[in-house]
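Structural overview
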Amino acid sequence: MSIEDVILPSAGFPPPEMGEPYLLTPGPLTTAAEVKHAMLKDWGSWDADFREMTASVSAQLLAIAGDKNSEFDCVPMQGSGTFSVEAMLGSFLSKDSKTLVLVNGAYGKRIVDTLQYLGRAHAVIDKGDYMPPRGDEVAAALAADTAITHVVLVHCETSSGILNPVQEIADVVAFAGRKLLIDSMSAFGALPLDVNTIRYEAMVSSANKCIEGVPGFGFIIARKSELEAAKGNSHSLSLDVHQQWVNFKKTGQWRFTPPTHVVAAFLEALRLHEAEGGAPARLTRYTRNRDVMVSGMRELGFETLLKDRWLSPIIVTFFNPAHPNFSFNRFYELMKARGFIIYPGKLTIVDSFRIGCIGRMDEHVMRRVVAAAKETLAEMNVDNAYPPEAALKERARLAA
Ligand SMILES: *Cc1c(COP(=O)(O)O)cnc(C)c1O
């Protein structure tokens, strides 16, 4: 049997290959067989074919962002998503800038940590784990501090799954004449972030989220005027978005060794993205995944951290059940034995776990996830998945 026989079958949403579990995680996530197969070839980084592949990646990402007038450019950057976030912050925030960071979870906090490392002045609005930042409070903060030049927003805060109101924030920031940078890591490619309707200077995402590629690089989509103006800002040689951009324009090449196989896989992922119907179709599938999964889990007694209004179609946080027989580690292992890898919680106050809705899977898979959770609870002798009263009280108090 050749390797192709093992890895290549099928259309639609077949189970992962060779007995792999489904990854119900927000990246790395379950990818299509075609995406994995695209990595079975070596590419020379300097070669014209590979340069063309990189150019095609950038052009397709700019099309997804809706850049009809060529006002933006796309700059791929090696590393995980955080490398690209740090590259964006270090490159677009000049040394005399001051940034308002909108925090409601771990990824917002990571942005604050990054600015501390970079020594860039910043202020913070921290909404805790449960609530989105709102336009009126951002407007008030900008009016009160005229030194603030930039605002940073996390589009979907993957730690809780909260979907932040990006249009509302973008409108307020533009009205106040400040600049918006967006961490759209777990949203871009499914949720709308159209440059024609949402005003921003730069955004960042990565290969292994809603485009459904494998991990290895991120990308920054930014206004060309900002890319131009970013010269000399960066603290870092390798994370300098301006220099990376200049080099792509001049040579079509990455400045340092690119993740060639990952780029090849990403091109295949982009082809599947387009074939599915682009970001709107992907949003429809993920939304359906979420709705089927959440309603099934609620029938078992599980409660979501967030009200429906703020539930993203990307990932959903559930409270751990109050039942004394419940233990997350056991639940995790028994779900894994049934073919599903779930995700631990990342909240600061209450115990929780997360189930992702993104990746190469559809509502039929989500029904099996719910069935597996039901069997798992039975095996653990947990007859009801209802959360502790204290968790619900905490949620009510903070959301009030
Ligand atoms: C995944 C993600 C990141 C980047 O995380 P890495 O582990 O570095 O890839 C950043 N922000 C958000 C909102 C994310 O979901």
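Predicted model only: the values in this text are computed from it and were never measured. (Residues numbered from 1 in each chain as written. Predicted model: local features only at pLDDT ≥ 70, side-chain atom pairs only at ≥ 80, totals over all residues. Heavy atoms only, no water.)

With that settled, consider the pattern of salt bridges. Inspection of the entire model under this criterion finds 20 salt bridges. For Glu 71, the salt bridge goes to Arg 223, with nearest N and O atoms at 3.7 Å. Of the two residues, Glu 71 is situated in the loop between helix H3 (48–64) and strand E2 (72–78) and Arg 223 in strand E10 (residues 217–223); the sequence distance between them amounts to 152 residues. Glu 71 gets classed as partly exposed once you look at its relative accessible area, which sits at 40%. In this structure, Arg 134 engages Glu 168 in a salt bridge whose closest nitrogen and oxygen atoms are separated by 2.9 Å. One end of the pair, Arg 134, is in the loop between strand E4 (121–126) and helix H6 (135–144); the other, Glu 168, is in helix H7 (residues 166–175), and 34 residues separate them in sequence. Among the residues examined, Arg 134 registers a relative accessible area of 26% and is labelled partly exposed. (Salt bridge = Lys/Arg side-chain N within 4 Å of Asp/Glu carboxyl O. Helix = DSSP H or I, 4+ residues; strand = E, 2+ residues; numbered from the N terminus. Buried < 20%, exposed > 50% of the residue type's maximum accessible area, 1.4 Å probe, protein only.)

Let us look at the packing of helix H10 (residues 260–276) against helix H11 (residues 278–299). Following both chains from N to C, one finds H10 and H11 inclined at 80°, their axes separated by 7 Å at the closest point. The orientation of H10 relative to H11 falls into the category roughly perpendicular. Along its contact with H10, which presents Leu 272, His 273, Glu 274 and Glu 276, the element H11 presents Gly 278, Ala 279, Ala 281, Arg 282 and Arg 285. Partitioned by chemical class, the residues of the contact of H10 with H11 number three nonpolar, two polar and four charged. (Axes fitted to C-alpha atoms, helices over the stretch in contact; angles between N-to-C directions. Parallel < 35°, antiparallel > 145°, perpendicular 65-115°, else oblique. Contact = heavy atoms within 4.5 Å. Nonpolar A, V, L, I, M, F, W, Y, C, P; charged D, E, K, R; others polar.)

Okay, the sheet that holds strand E8 (residues 179–183) next. The strands making up a sheet associate through hydrogen bonds between their backbones, and the pairing can be parallel or antiparallel. With respect to topology, seven strands assemble into an open sheet ordered E2-E10-E9-E8-E5-E3-E4, the strand pairing being mixed. Every other strand in the sheet has two partners, leaving E2 and E4 as the edge strands with one partner each. On average, each strand axis in the sheet is tilted by 20° relative to the strand beside it, whichever way the strands run. Across five bridges, strand E9 (residues 202–206) lies against E10 in antiparallel orientation. Bridged to Ser 206 within E10 is Gly 218. Sitting on the sheet, H7 is in contact with strand E3 (98–103), strand E5 (150–154) and E8, with an inclination near 155° to E8. (Pairing = 2+ DSSP bridges.)

Leu 61, Phe 92, Tyr 200 and Ile 221 are the most contacted members of the largest nonpolar core, which has 77 residues in total. Element by element, the count of residues in this core is highest for H10, at nine residues. Not counting the four nearest positions on each side in its chain, Phe 92 is found in contact with His 150, Leu 181, Ala 202, Ile 220, Ala 222, Glu 226, Leu 227, Ala 230, Asn 233 and Val 241. Val 316, Val 350, Phe 353 and Ala 372 belong to the second-largest nonpolar core, a separate cluster that totals 42 residues. (Core = buried A, V, L, I, M, F, W, Y, C linked by side-chain atoms within 4.5 Å.)

Glancing now at the state of the cysteines. All chains considered together, the criterion is met by zero disulfides. Lacking any disulfide linkage, Cys 210 is separated from the closest cysteine sulfur, that of Cys 156, by 7.9 Å. (Disulfide = S-S within 2.5 Å.)

On to the domain arrangement of the protein. Partitioning the protein into structural domains gives domain 1 (3–30 + 278–399) and domain 2 (35–274). The distance between the C-alpha centroids of domain 1 and domain 2 comes to 27 Å. Taken together, the contact pairs 39 residues of domain 1 with 35 residues of domain 2. The contact between domain 1 and domain 2 buries some 3100 Å² in all, and 61% of this surface belongs to carbon and sulfur atoms. Looking only at domain 1, the three residues that lose the most surface to domain 2 are Arg 282, Trp 310 and Lys 346, adding up to 22% of its buried area. The interface formed by domain 1 and domain 2 includes three salt bridges. (Domains from an automatic or database assignment. Buried area = accessible area lost by both parts, 1.4 Å probe.)

We now examine H6. In an α-helix, one turn spans 3.6 residues, which is why side chains three or four residues apart end up on the same side. Taken together, the buried positions of H6 are Gly 135, Val 138, Ala 141 and Leu 142. Buried residues of H6 fall within an arc of 130° about the axis and therefore sit on the same side. Residues of H6 that are exposed and point over 90 degrees away from its buried face: Asp 136, Ala 143 and Ala 144. Residues of H6 that are buried sit in contact with E3, E4, E5 and H7. (Arc of directions from axis to C-beta.)

Quick look at unusual backbone geometry now. The peptide bond linking Gly 27 to Pro 28 adopts the cis configuration, its omega dihedral lying at 0°. Here Pro 28 is to be found in the loop between strand E1 (22–23) and helix H2 (33–37). With a phi close to 60°, Asn 381 is a non-glycine residue in the positive phi region. Tracing the backbone shows Asn 381 in the loop between helix H13 (363–379) and helix H14 (389–399).

If you check the shell around the ligand, you find Ser 80, Gly 81, Thr 82, Tyr 107, Arg 110, Val 154, Cys 156, Thr 158, Asp 183, Met 185, Ser 186 and Lys 209 and nothing else. Between the ligand and Thr 82 there is a distance of 2.5 Å, counted from an oxygen atom to a side-chain nitrogen or oxygen. In this structure, an oxygen atom belonging to the ligand sits 2.8 Å away from a side-chain N or O atom of Lys 209. At the level of elements, helix H4 (81–92) and helix H5 (106–118) are the ones that each hand at least two residues to the shell around the ligand. (Near = heavy atom within 4 Å. Polar contact = N/O pair within 3.5 Å; in protein donor to acceptor, adjacent residues only side chain to side chain.)

We now examine the environment of Tyr 22. Within the element layout of this structure, Tyr 22 appears in strand E1. Residues Tyr 22 and Phe 340, spaced 318 residues apart in sequence, show a C-alpha to C-alpha distance of 5.0 Å.

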